[in-house]
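One letter stands for each residue in the lines below.
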Amino acid sequence: MVGVNKYVTDQIDDVDILKVDPEAEARQLERLAKWKANRDQAAVDAGLAELTKVAEGDANLLPPIKEALRAGASIGEVCNAMRAVFGEYQGGAFF
């Protein structure tokens, strides 16, 4: 396996970590709060509940994901609904 048992080096690569501007983060959080305040929360909850129900079976997830997003769910909310069913990957770091 390259980098583990073959072609191993003592050199540590410097990895640039993305640093988000705190002002940009605050603006985005404000935008998200306004967007969530103006949506039909009942429709969002129904869409996420349907997504969770479908994820517990073996049907295609794409249609309920699309419907939840159309209802106003955020990508994070959709991911959380699936994470509740499937869990979260706990693999090791590669760098």
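Residues numbered from 1 in each chain as written. Predicted model: local features only at pLDDT ≥ 70, side-chain atom pairs only at ≥ 80, totals over all residues. Heavy atoms only, no water.

Draft legend 1. Structural view of a nonpolar patch on the surface. Taken together, the side chains of Leu29, Leu32 and Trp35 make up a nonpolar region of the molecular surface, amounting to roughly 280 Å² of accessible area. Structurally, Leu32 can be placed in helix α1 (residues 22-37). Residue Leu32 is classed as partly exposed on the basis of its relative accessible area, which comes to 32%. (Patch = residues over 30% accessible without salt bridge, like charges linked within 9 Å, V, L, I, M, F, W, Y side chains within 5 Å. Areas by Shrake-Rupley, 256 points an atom, 1.4 Å probe, with all protein chains shown as cover. Salt bridge = Lys/Arg side-chain N within 4 Å of Asp/Glu carboxyl O. Helix = DSSP H or I, 4+ residues; strand = E, 2+ residues; numbered from the N terminus. Buried < 20%, exposed > 50% of the residue type's maximum accessible area, 1.4 Å probe, protein only.)

Draft legend 2. Representation of the packing of aromatic side chains in the model. With the rule as written, the count across this model stands at zero aromatic pairs. One cation-aromatic arrangement involves Arg39 over Trp35; the distance from NZ or CZ to the ring centre is 5.6 Å. (Phe/Tyr/Trp six-rings, centres within 6.5 Å; stacked < 30°, edge-to-face > 60°. Lys NZ or Arg CZ within 6 Å of the ring centre and 35° of its normal.)

Draft legend 3. Seen up close, helix α4 (residues 75-86). Counted at 1.5 Å a residue, the expected span for α4 with its twelve residues is 16 Å, and the 16 Å between its end C-alpha atoms agrees. Those residues of α4 that sit buried are Glu77, Val78, Ala81 and Met82. The arc that holds every buried residue of α4, seen down its axis, measures 135°, which confines them to one face. Across α4 from its buried face, at more than 90 degrees, point the exposed residues Ile75 and Phe86. In the core, the buried residues of α4 are packed alongside α1, α2 (41-55) and α3 (62-71). Downstream of α4 by a residue or two, Gly87 has a phi angle that is positive, lying close to 85°. (Expected span 1.5 Å × (residues − 1). Arc of directions from axis to C-beta. Contact = heavy atoms within 4.5 Å.)

Worth remembering: the numbers are spatial, not functional.
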